[in-house]
Amino acid sequence: MMDFHPFAVEQFLSEHEHGVRFNFSESGVHPMRYDELFRLAQIDTEALFATLIDYPQVNGFDGLREKIAALYPGAAPQNVLVTVGATEANTLAAAALIAPGDNMVRFRPTYEQLPGNALNLGHEVRVVDLVEERGWAVDTAALAAVVDDRTRIIHVVNPNNPTGQILSDGDRDAIVGAAQHSGAWIVADEVYSGTERNTDDPTPSFWGTHDRVIAINSMSKAYGLPGLRLGWLVVPEEIVDCAWRRHEYASIAASMFSMKLADAALAPVPRARLMERARGLIRRGFETLSEALAEHPSVFSVVPPQASAMSFVKFALPVTSDEFARRLLAEEDVLVIPGSKFGLDGHFRFSSALPDGHLREGLAHMNALVGRILAED
Ligand SMILES: Cc1ncc(COP(=O)(O)O)c(C=O)c1O
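The model shown is predicted, which means the values in this text are computed figures rather than measured ones. (Residues numbered from 1 in each chain as written. Predicted model: local features only at pLDDT ≥ 70, side-chain atom pairs only at ≥ 80, totals over all residues. Heavy atoms only, no water.)

Okay, the packing of helix α11 (residues 268-293) against helix α13 (residues 356-376) next. Here α11 crosses α13 at 25°, and the two axes come no closer than 10 Å. When the axis of α11 is compared with that of α13, the two are roughly parallel. In terms of crossing hand, the pair formed by α11 and α13 is right-handed. Judged by residue contacts, R284, G285, T288, L289, E291, A292 and L293 of α11 engage D356, L359, R360, L363, M366 and N367 from α13. Among the residues forming the contact of α11 with α13, the class breakdown is six nonpolar, three polar and four charged. (Axes fitted to C-alpha atoms, helices over the stretch in contact; angles between N-to-C directions. Helix = DSSP H or I, 4+ residues; strand = E, 2+ residues; numbered from the N terminus. Parallel < 35°, antiparallel > 145°, perpendicular 65-115°, else oblique. Left-handed = near helix turned anticlockwise from the far one by under 90°. Contact = heavy atoms within 4.5 Å. Nonpolar A, V, L, I, M, F, W, Y, C, P; charged D, E, K, R; others polar.)

This is the structure in structure tokens:
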């Protein structure tokens, strides 16, 4: 039997996130409540609750796919497949595109959902490092060296998880150039577009940069609605069937209830308000985190994330990232994700787009442990 590669980050979350007092391990903003969404999107709840609890249109109903397509210049509803979160979209992309003998290229550190699927299907995954000293820039020489004519996918998460960095124009061009040169597909996981800290303009999609692009997104991050479990792929028409046939195996369909709520949330006014809410939480949260990290300037450093609720914090303490996270949980009831889960020790991922009082209280607990570790040394 082939080796199975567990999804390290998600396994860590499943095992530890429930019941913890200060959960700073999530990647999204503090989620919205159903009643808040109903008000914000002016949803007619009587009509919503009269919906049959039935299987919906398997690829997503037409109106929803029209709204999604409108977010991608040149896309039409027939380019869109609605999935159970970006998670299913990533799984379908790996299954639909790669064949035996192909390889895929991924960056490190990143969210390993698509590469993990490819590994578990028995494919070769090549790794290109992001360079922290250059603001997590792509090592473009390494990229050029690993891409060849058997590279089927170049996988990008933009803005990235766990660093929150947005690819520079130069790095984007290098990725598109490598894909064009080799004939590879760019699979772009863009769930953090719309969560920028320094601009209200969402990070542009890779859609339209190359004729082989799969753009993936969902309601989970920029819209603060992860529990809808609703995402999508935007793909060239010749790939739709390939992904759709696998979607029937994986889930049949997302739920009708979620499709209806996503449809309401993606109307122009609610959509803008949801993104504004997410950006507000993200911007304030990072300021609060920065203040707390500044209490230990010789311990903490961070490349300020350009987007997302997450910071990938570097720390100088005589403990591994696993040990730091373990002690934070055991001694302070605080959960962060150790960098080891992203293949990079000496770091942890911290999510700060949370109600401010709770965030400050939890950060004080984190700094209390840092003080103790320094005193033990
Ligand atoms: C880059 C990235 N893609 C996909 C997902 C999963 O998204 P969804 O909730 O839409 O399944 C996450 C969740 O953390 C993520 O960080």
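Okay, the domain arrangement of the protein chain next. As a measure of interface size, the accessible area lost when the parts come together is often cited. Per the domain assignment, the segments making up the protein chain are domain 1 (8-33 + 271-370) and domain 2 (54-267). Between domain 1 and domain 2, the C-alpha centre-to-centre distance is 25 Å. Taken together, the contact between domain 1 and domain 2 spans 31 residues of the former and 35 residues of the latter. With both sides pooled, the region where domain 1 packs onto domain 2 buries about 3000 Å², and carbon together with sulfur makes up 55% of that total. Measuring nitrogen to oxygen at the nearest pair gives 2.8 Å for the salt bridge that ties D200 to R283. (Domains from an automatic or database assignment. Buried area = accessible area lost by both parts, 1.4 Å probe. Salt bridge = Lys/Arg side-chain N within 4 Å of Asp/Glu carboxyl O.)

In this section: the environment of V125. By the element assignment, V125 lies in strand β4 (residues 124-131). With 93 residues separating them in the primary sequence, V125 and S218 have C-alpha atoms 25 Å apart.

With that settled, consider a nonpolar patch on the surface. Where nonpolar side chains cluster on the molecular surface, the patch consists of Y34, F49 and F257 and spans about 330 Å² of accessible area. Tracing the backbone shows F257 in helix α10 (residues 256-265). A residue is classified by how much of its surface remains accessible, and F257, at 32% relative accessible area, is partly exposed. (Patch = residues over 30% accessible without salt bridge, like charges linked within 9 Å, V, L, I, M, F, W, Y side chains within 5 Å. Areas by Shrake-Rupley, 256 points an atom, 1.4 Å probe, with all protein chains shown as cover. Buried < 20%, exposed > 50% of the residue type's maximum accessible area, 1.4 Å probe, protein only.)

Direction vectors running N to C along helix α12 (residues 321-332) and α13 enclose 115°, while the axes themselves pass 10 Å from each other. Seen along the crossing, α12 lies across α13 with a hand that is right-handed. Contacts from F324, R327, L328, E331 and E332 in α12 reach H365, M366, A368, L369, V370, R372, I373 and E376 in α13. When its residues are assigned to classes, the contact of α12 with α13 shows seven nonpolar, one polar and five charged.

So, about the pairing of β4. As defined by bridge partners, strand β3 (residues 103-108) adjoins β4 across six bridges and the pair is classed as parallel. By the bridge assignment for β4, R108 is matched with D129. Regarding the hand of the β-α-β motif, the stretch spanning β3, helix α6 (residues 113-120) and β4 is right-handed. Judged from the two bridges that link them, β4 and strand β5 (residues 137-138) form a sheet pairing that is antiparallel. Of the residues in β5, the one forming a bridge with L130 is V138. (Pairing = 2+ DSSP bridges. Right-handed = clockwise from strand over helix to strand, strands pointing away.)

Taken together, 15 residues lie around the ligand, and T87, D189, Y192, S218 and S220 are the ones closest in. In the environment of the ligand, an oxygen atom lies 2.8 Å from a nitrogen or oxygen atom belonging to the backbone of A86. Between the ligand and the protein, one listed contact pairs an oxygen atom with a side-chain N or O atom of Y192 at 2.6 Å. Protein burial of the ligand: of its 400 Å² of free accessible surface, 95% is covered by the chains. If one sorts the elements of the shell around the ligand by residue count, helix α5 (residues 85-97) sits on top with three residues. (Near = heavy atom within 4 Å. Polar contact = N/O pair within 3.5 Å; in protein donor to acceptor, adjacent residues only side chain to side chain.)

Ordered in space as β10-β11-β14-β13, the four strands form an open sheet in which the pairing is antiparallel. With one partner strand each, in any of the chains shown, β10 (300-302) and β13 (337-338) form the two edges of the open sheet. Relative to strand β14 (residues 347-351), β13 is paired through two bridges, and the arrangement is antiparallel. Bridging across to β14, I337 finds its partner in R349.

What follows covers the pattern of salt bridges. Tallying each qualifying case throughout the model produces 21 salt bridges. Here R126 makes a salt bridge to E124, at a shortest N to O gap of 2.8 Å. Residue classification places E124 among the partly exposed positions, given a relative accessible area of 41%. With a closest N to O distance of 3.5 Å, R279 and D200 form a salt bridge. Placement of the pair is R279 in helix α11 and D200 in the loop between β7 (185-189) and β8 (213-218), with a sequence separation of 79 residues.

So, on to the side chain of N79. By secondary structure assignment, the location of N79 is in the loop between α4 (62-69) and β2 (80-83). Accessibility expressed as a relative area gives 8% for N79, which makes it buried. Ignoring anything within four residues of it in the chain, the contact list for N79 reads W207, L233, V234, V235, P236, E237 and V240.

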